[in-house]
Amino acid sequence: MKTKFISLLAIILGLLIIIFPVMGVIGVSALIGLSILLISIYLLVVGIAIIDYNKSGAILDLILGIILLLLSICLIFNPAMLGFLAEITLYLAGIMLIVVGLVSLINNRQSRYGFYIGIVGIVLGLLYIIIGSYLTNPVVLGALIGIWLLISGILKLLDN
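Residues numbered from 1 in each chain as written. Predicted model: local features only at pLDDT ≥ 70, side-chain atom pairs only at ≥ 80, totals over all residues. Heavy atoms only, no water.

A.B. asks: For this particular structure, what's the right way to read the overall build of the chain?
C.D. replies: A count of helical and extended segments in the chain gives 6 helices and 0 strands. N-terminal to C-terminal, the α/β element order of the chain is α-α-α-α-α-α. Split into buried and exposed, the 160 residues of the chain put 48% on the buried side. Across the chain, every contact between residues at least 6 apart in sequence was considered, and the portion connecting residues at least 24 apart equals 72%. Accessible surface computed for the chain: about 8,100 Å², of which carbon and sulfur atoms make up 78%. (Helix = DSSP H or I, 4+ residues; strand = E, 2+ residues; numbered from the N terminus. Buried < 20%, exposed > 50% of the residue type's maximum accessible area, 1.4 Å probe, protein only. Contact = heavy atoms within 4.5 Å. Areas by Shrake-Rupley, 256 points an atom, 1.4 Å probe, with all protein chains shown as cover.)

In C-alpha cells:
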C-alpha cells in the first residue's frame with residue numbers, strides 16, 4: 001500500500017511540475033523552488049515509508065528532503081535569494097537531482113526497477129546542468145524534474 005501511494009504521489013507531482021511551468025505565471029526562482037519542493041516532499045514521504053526496513057536509506061532520504069525543503073522555501077519566499085544564488089542555483093538543482101539519483105540507487109538495490117530510477121535521476125541531473133547552461137527557459141528545466149518524478153512513480157508502480 002505504501003509503495004503504491006508513493007508511486008502515485010511521484011506520478012501526480014511529476015505531472016504537476018510538467019504542467020505547472022506551462023502556465024508561465026511564476027518567476028524562475030519560484031519555479032526552481034517549486035521543483036525542489038516537490039522533490040523534497042517525495043523524499044520525505046519515501047524516507048518515512050522505508051524507515052521500517054532500510055534505516056540508512058531512510059535517514060539519507062529524510063536529511064536530503066529536509067535540506068531541499070529549506071532550499072525550496074528560501075527560493076519561493078525570498079526572491080532576493082535568487083540573486084544571491086543565481087550562479088549556483090542551476091547547478092545546485094542539477095546536483096541535487098544527481099544526488100537523489102544516487103540515493104535512489106542505494107535505497108532501491110533490492111527492487112526490480114530501483115536501479116533504473118537512480119540512473120534516470122543521474123542522467124536527468126546531468127542533462128539539467130548541461131541544458132540549463134545553454135537555455136534560459138525554466139520551463140524545460142522544470143519539466144526535466146517532472147519527468148524524473150513521473151518515471152520514478154511509474155517504475156515504482158511496476159515494481160509491485
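A.B. asks: When you look at the nonpolar core in this model, what are you seeing that I'm missing?
C.D. replies: Proteins that are soluble and globular tend to have nonpolar side chains buried together. By size, the foremost hydrophobic cluster in this structure holds 35 residues, and its most contacted members are Y42, L68, Y128 and W148. Of all the secondary-structure elements, those providing two or more residues to this core are α1 (2–19), α2 (28–49), α3 (55–77), α4 (79–107), α5 (114–134) and α6 (138–159). The leading source of residues in this core is α2, at 9 residues. Leave out the neighbours within four places in its chain, and Y128 touches I32, L90, A93, G94, L141, L144 and I145. (Core = buried A, V, L, I, M, F, W, Y, C linked by side-chain atoms within 4.5 Å.)

A.B. asks: Just checking my understanding: could you explain the packing of aromatic side chains for this structure?
C.D. replies: The geometry of an aromatic ring pair is captured by the separation of the ring centres together with the interplanar angle, meaning the angle of the planes. Within the structure shown, the criterion is met by 2 aromatic pairs. Considering the side-chain rings of Y42 and W148, the 5.7 Å spacing of their centres and the 90° angle between planes classify their relative orientation as edge-to-face. Of this pair, Y42 sits in helix α2 while W148 is found in helix α6, placing the two residues 106 residues apart along the sequence. An identical accessibility class is assigned to Y42 and W148; each is buried. Considering the side-chain rings of F115 and Y116, the 5.6 Å spacing of their centres and the 80° angle between planes classify their relative orientation as edge-to-face. Of the residues examined, F115 reaches a relative accessible area of 46% and is grouped as partly exposed. (Phe/Tyr/Trp six-rings, centres within 6.5 Å; stacked < 30°, edge-to-face > 60°.)

A.B. asks: For this particular structure, what's the right way to read α3?
C.D. replies: Note on helix geometry: an α-helix contains 3.6 residues per turn, so any two residues three or four positions apart are oriented the same way. For α3, spanning 23 residues, the distance from its first C-alpha to its last is 32 Å, which sits close to the expected 33 Å at 1.5 Å a residue. For α3, the complete set of buried residues consists of G57, A58, D61, L64, G65, L68, L71, S72 and L75. (Expected span 1.5 Å × (residues − 1).)

A.B. asks: In this structure, what is going on with the side chain of S72? I would like to understand it.
C.D. replies: As for its position among the elements, S72 is in helix α3. There is a polar contact of 2.8 Å between the side chain of S72 and the backbone oxygen of L69. (Polar contact = N/O pair within 3.5 Å; in protein donor to acceptor, adjacent residues only side chain to side chain.)

A.B. asks: Teacher, can you tell me more about α1 here?
C.D. replies: When the terminal C-alpha atoms of α1 are compared, their 25 Å separation across 18 residues agrees well with the 26 Å that a helix rising 1.5 Å per residue should span. Every buried residue of α1 is accounted for by I6, S7, L9, A10, I11, L13, G14 and I17.

A.B. asks: When you look at the environment of I11 in this model, what are you seeing that I'm missing?
C.D. replies: With respect to the helices, strands and loops of the structure, I11 is situated in helix α1. Placed 142 residues apart in sequence, I11 and G153 show a C-alpha to C-alpha distance of 4.9 Å. Residues in contact with I11, not counting those within four places in the same chain, are L149, L150, G153, I154 and L157.

A.B. asks: What exactly am I supposed to notice about the confidence of the model for the chain here?
C.D. replies: The predicted coordinates ought not to be read in detail in places where the model reports low pLDDT. Summarising the model, the chain shows a mean pLDDT of 80, and 86% of its residues fall at 70 or more. The least confident element of the chain, judged by mean pLDDT, is α4 at 77; the most confident is α3 at 87. (pLDDT = per-residue confidence, 0-100.)

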